[in-house]
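Below, each chain spelled out in residue letters.
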Amino acid sequence: MEKYISHPLVHPNKVEARLYQQLLAADVLKKGNTMIVAPTALGKTIVAALVAADRLEKIPQSKVLVVAPSKPLVVQHEESFREFLNLTSTSITGAIKPEERTKRWDESQIICATPQTVESDLINNRYSLKDVSLMVFDECHRGVGSYAYVYLASRYLQEAHNLLVLGLTASPGSDKEKIKCVCENLFIQEVIIKSEEDADVSPYFNPIEVEWVKVEMGEEQKRIKEHLDKALKQRLKLLKSLEVLPTISVGKKDLLMARGRVQNRIARSTVPPKECFRAISLIAASINVQHALELLETQGISTLQQYFLRLKKKNTKAAKGLMVDADFAPAMILTKKAYELGVEHPKLNKLIKILQKELKKGSKIIVFTQYRDTLEQIYQCCEKENINSVKFFGQGKSNGEKGLTQKEQKKIIKAFRMGTYDVLLSTSVAEEGIDIPAVDLVVLYEPVPSEIRMIQRRGRTGRKNTGKMKVLITKGTRDEGYYWSSIHKEKKMKEQLGDASVLSNLEIKPLHENSISPKSSENENKIYENLIDKNTSQNDSEIDSQEEKIENSNNQNRNPTKSKSMKPLIYADSREGNSRVLRELTKLGVEIEIKTMAVGDYQISEEVGLERKTASDFVSSIADKRLYKQAKELVEEFKKPVIILEGDNLYSGFMNPNAIRGALAAIAVDFGIPIIPTRSPDDTAAMIRRIAIREQADERPPVQVRTERKPLTLLEQQLFIVESLPNVGPVNARKLLEEFGSVKEIINASEDDLQKVEGIGKKIAKSMKKVVEGELKRVKVLEEKKLID
């Protein structure tokens, strides 16, 4: 057998010829849409590259699209495919301008991208998937719910001339229904499982030794825990007495479910019982105490102290109640004292000893922790002990600290790979996909209850030599529960994947007529055998003939002019670009044009404009008074304004239901705007499409899209100027104009004359004249002398 893969599109001496990888690639090419489940470091990316090479060789004018959930992972894939294949590769992410993304798409054969970016570009018609002969979904277990993978798979099925889907994951999850759901959403028909125990894999796989490292909780922590346990128990007993909870032995999930039940009770009542609002506050406080306990048990004093400081700043009834609680307040005091004395979780000292011992052996190490506060604490301790470490975390902002940019992340990983740092301290961002080779040890500061995340973390080691993973566990705490939970789920996942019935009874939609089918003839399958046997001859003329038939069939079944004329046209605001509604509209065959709209979210015709509000957005827009302003603008701009209210949880928040009912009445009665309820984004899309069909029944009318608001009338401009004066609202502004007749007369009026207007007292009149008559130089002098506020 050759040492390296020999293929016209693969760089010579670049890809090691591993039989199991070649067999996996051949299976994908023969069997059709496939999910490969294999541990990290078994070379799933190489399998994808081999499949891509064969597809692009047989369909030369096609493209390969590789989608991955994060920007660093996308860039990594681009580099890998460029290293393996002698084809043009590029990356497309949200950080790249739309025009440049379109250019890269047109000029490259292999495109690595974030799914959200491709989704946005497809909705905006910047390019299509018709020429994509292979779509690779990395970390394909994400293909559930509203994640962009689901939309891309559906769109790919509709558009592609030569369809093939490849899903890659190390851990699809332990839930049988979720595995089925991923398969249905991505149109997967085959699941191939490879494990380190397989005979053809074991020669390339280094075993990983997992060691529990148990520590005892410190005395200071135990005292704090006693107080927090009492504070939690007290509230759980009250919730049980209110019949909100059946028992006091509950977790966070139980409390969240209880909160949902109470909120529904509030929603159904015209005058909700006071007990409901008391229960909501008790549940919120209980969740806060449970989180404090988790930080105390699994993280340490510093992380808990930072949480307490943030909790103090909250203005909720639950937070205020905790501050004066007979047990919670002492817990905060003890935590502060312990923090000032430098007391920390025993895990930290144990971790430093492990690092020092392993670094003497020349090991490269990754330390995973859940929270950035803990990450910072570990980093500071490493600095004190002269341990050469670096922090690695996500791009999001947390507790005032900016995230790392994609460029910074890439630089850190490169430096760690080159040996600039010995220890990489990371949050969960390094779990998924990012290539960090030659790691000898992975240390988990705390176990996580997710089997997917545990597998991903473990997969960071054992790539070149025997790997090790150490899990720090605090005895008698939720650490132990989380560890056993992940072990149980991983075992269950393997059992589910080994069950042949996982894919049975799947109601998978009919595949595109041009996809590779499991029922392909033997002649069709022969075109892929070169991945295993380089000496197999190929019938190229037969292949060309088959592809020509496929293309002719596509052309006959497409009538672009006719189909386009049948589609309703909807204009959508650019801020709706990533909403599920647009995604569903495209599925429903609606033609969409994205515009920056001044009023509304969607425009159907010259007369019809729609504002879409989810239930939560509707409530928040009442609180910040956006709702009435938006309603006024809709009425002014459109003859037929409509508000779509999406979701059935309108009364599930903390706002009084009567306030919500009052807002609904005002919109319908005062503004005369119809409110159409919908259940979900899918339902909203179907409703918008139905309105568009009715409005555009005869022919598509010319539409002047409201990219700018109508110009203000003279009165509106005058009111705007007067309202800008201090303490003058809309009502007083109108009264002033009615009294004086013009803005000029108002400005020239004396304080006594101004006070003759109802609502304008001495204080308001004085502040108005102060603004009108105050000289700039004098104001500056007074400000410097602090004589004015």
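S.K.: Any details on the overall build of the chain? Residues and values, ideally.
M.R.: The number of helices and strands found in the chain is 32 helices and 19 strands. Counting every position in the chain, which comprises 789 residues, the buried fraction comes to 50%. Pairs at least 24 residues apart make up 72% of the contacts formed inside the chain by residues separated by at least 6 positions. When the accessible surface of the chain is split by element, carbon and sulfur atoms take 50% of a total near 38,700 Å².

S.K.: An account of the environment of lysine 178 is needed here, citing residue identities and associated values.
M.R.: If you trace the backbone, lysine 178 turns up in helix H7 (residues 176-185). Along the backbone, lysine 178 and glycine 143 are 35 residues apart, and their C-alpha atoms lie at a distance of 9.4 Å.

S.K.: Which residues make up the sheet that holds strand E11 (residues 423-426), and what are the values?
M.R.: Pairing is parallel in the open sheet, where 6 strands are placed in the order E8-E13-E12-E9-E11-E10. Since the sheet does not close on itself, it has two edges, and those belong to strand E8 (208-215) and strand E10 (389-392), each with one partner. Averaged over all adjacent pairs, the angle separating strand axes in this sheet is 20°, with direction ignored. Against the sheet, helix H16 (residues 406-418) makes contact with strand E9 (365-368), E10 and E11, and its axis sits at roughly 150° relative to E10, the strand it touches most.

S.K.: Got a sec to walk through unusual backbone geometry? Specific residues and values, please.
M.R.: Most peptide bonds take the trans form, and the phi angle of most residues other than glycine is negative. Phi at phenylalanine 187 is positive, roughly 60°, even though this residue is not glycine. With respect to the secondary-structure elements, phenylalanine 187 resides in the loop between H7 and strand E7 (190-193). Using a relative accessible area of 5% as the deciding quantity, one classes phenylalanine 187 as buried. Despite not being glycine, asparagine 727 has its phi angle at roughly 65°, a positive value. Within the secondary structure, asparagine 727 is located in the loop between helix H27 (714-723) and helix H28 (730-740).

S.K.: I'd like to hear about the pairing of strand E14 (residues 569-573), residue by residue, with values.
M.R.: With respect to burial, E14 is a largely interior element, 5 of its 5 residues being buried. Along E14, one buried face is formed by Leu569, Tyr571 and Asp573 and the opposite face, lined by Ile570 and Ala572, is buried too. The pairing of E14 with strand E15 (residues 591-595) spans 5 bridges and is classified as parallel. Bridged to alanine 572 within E15 is isoleucine 594. Pairing of E14 with strand E16 (residues 602-603), which is carried by 2 bridges, proceeds in the antiparallel orientation. Residue pairing for E16: alanine 572 is matched across the bridge by tyrosine 602.

S.K.: How would you sum up the pattern of salt bridges? Please name residues and give values.
M.R.: All chains considered together, the criterion is met by 34 salt bridges. One salt bridge connects glutamate 16 with arginine 18, and the closest N-O pair in it is separated by 3.5 Å. With relative accessibility at 36%, the residue glutamate 16 sits in the partly exposed group. Arginine 18 sits in the buried class, given a relative accessible area of 17%. One salt bridge in this structure joins lysine 222 and glutamate 219, with 3.8 Å as the shortest N-O distance. Placement of both lysine 222 and glutamate 219 in helix H8 (residues 219-241) is noted, with a separation of 3 residues, approximately one turn of the helix.

S.K.: Describe the nonpolar core, naming the residues involved and giving the relevant values.
M.R.: Within the largest apolar cluster, 50 residues are counted, with the highest numbers of intra-cluster contacts made by Leu65, Phe137, Leu585, Tyr602, Leu610 and Ile688. Top contributing element to this core by residue count: helix H6 (residues 148-159), with 6 residues. If you look at the next biggest cluster of nonpolar residues, it comprises 40 residues, including Ile36, Leu85, Leu87 and Ile192.

S.K.: Any chance you could break down the side chain of serine 302 for me, citing the residues and the numbers?
M.R.: Turning to its location among the elements, serine 302 is positioned in helix H11 (residues 301-312). Those residues in contact with serine 302, other than ones at most four positions away along the chain, are Tyr339, Glu344 and Gln377.

S.K.: Quick rundown of helix H1 (residues 19-31)? Include the residues and the values.
M.R.: When the terminal C-alpha atoms of H1 are compared, their 18 Å separation across 13 residues agrees well with the 18 Å that a helix rising 1.5 Å per residue should span. Within the span of H1, buried status applies to Tyr20, Gln21, Gln22, Leu24, Ala25, Ala26, Val28 and Leu29. Of the surrounding elements, those touching the buried residues of H1 are strand E1 (34-37), helix H2 (44-58), strand E6 (165-169) and E7. One or two positions beyond H1, positive phi appears at glycine 32, with a value near 100°.

S.K.: Outline the packing of H11 against helix H13 (residues 328-340), listing residues and values.
M.R.: Where H11 meets H13, the closest approach of the two axes is 9 Å, and the angle between their N-to-C directions is 130°. The angle between H11 and H13 falls in the class oblique. Crossing angle aside, the handedness with which H11 passes H13 is left-handed. Side by side, H11 and H13 meet where Ile301, Ser302, Leu304, Gln305, Gln306, Phe308, Leu311 and Lys312 of the first sit next to Phe328, Ala331, Met332, Thr335, Lys336, Ala338 and Tyr339 of the second. Its residues placed into classes, the contact of H11 with H13 shows 9 nonpolar, 4 polar and 2 charged.

S.K.: Explain the sheet that holds strand E19 (residues 675-678) to me, and be specific about the residues and the numbers.
M.R.: Spatial ordering of the open sheet is given by E15-E14-E16-E17-E18-E19, a layout of 6 strands whose pairing is mixed. If you trace the sheet from one side to the other, it starts and ends with E15 and E19, each paired once.

S.K.: Go over the confidence of the model for the chain, please, and point to the residues and values.
M.R.: Residues at a pLDDT of 70 or more form 81% of the chain, whose mean pLDDT is 81. Low pLDDT (under 50) marks residues 500-510, which in the prediction has 21 contacts with non-local residues, meaning those over four places away or in another chain. Contacts of residues 517-565 to residues separated by more than four positions or lying in other chains number 54 contacts, the stretch itself having pLDDT below 50.

S.K.: Pulling in residues and values, what's your account of the packing of aromatic side chains?
M.R.: Applying the stated rule across the entire model yields 5 aromatic pairs. Both rings, one in phenylalanine 137 and one in tyrosine 149, keep their centres 5.1 Å apart while their planes meet at 65°; by these two values the pair is edge-to-face. Here phenylalanine 137 is found in strand E5 (residues 132-138), whereas its partner tyrosine 149 is found in helix H6, with 12 residues between them in sequence. Considering the side-chain rings of tyrosine 307 and phenylalanine 308, the 6.3 Å spacing of their centres and the 40° angle between planes classify their relative orientation as tilted. Of the two residues, tyrosine 307 and phenylalanine 308, both sit in the buried class. Members of the aromatic cluster, each reached through a chain of ring pairs, are Phe137, Tyr147 and Tyr149.

S.K.: Can you lay out the packing of helix H3 (residues 71-84) against H16 for me, pointing to particular residues and giving the numbers?
M.R.: Each pair of packed helices can be described by the angle between their axes along with the distance between the axes. The interhelical angle for the contact between H3 and H16, taken along N-to-C directions, is 60°, at an axis separation of 9 Å. Judged by the inter-axis angle, H3 sits oblique to H16. Regarding H3 and H16, the two cross each other, and that crossing is right-handed. Of the residues in H16, those in contact with Lys71, Pro72, Val75 and Glu79 of H3 are Gln406, Gln409 and Lys410. Partitioned by chemical class, the residues of the contact of H3 with H16 number 2 nonpolar, 2 polar and 3 charged.

The rules behind each value
Residues numbered from 1 in each chain as written. Predicted model: local features only at pLDDT ≥ 70, side-chain atom pairs only at ≥ 80, totals over all residues. Heavy atoms only, no water. Helix = DSSP H or I, 4+ residues; strand = E, 2+ residues; numbered from the N terminus. Buried < 20%, exposed > 50% of the residue type's maximum accessible area, 1.4 Å probe, protein only. Contact = heavy atoms within 4.5 Å. Areas by Shrake-Rupley, 256 points an atom, 1.4 Å probe, with all protein chains shown as cover. Pairing = 2+ DSSP bridges. Axes fitted to C-alpha atoms, helices over the stretch in contact; angles between N-to-C directions. Salt bridge = Lys/Arg side-chain N within 4 Å of Asp/Glu carboxyl O. Core = buried A, V, L, I, M, F, W, Y, C linked by side-chain atoms within 4.5 Å. Expected span 1.5 Å × (residues − 1). Parallel < 35°, antiparallel > 145°, perpendicular 65-115°, else oblique. Left-handed = near helix turned anticlockwise from the far one by under 90°. Nonpolar A, V, L, I, M, F, W, Y, C, P; charged D, E, K, R; others polar. pLDDT = per-residue confidence, 0-100. Phe/Tyr/Trp six-rings, centres within 6.5 Å; stacked < 30°, edge-to-face > 60°.

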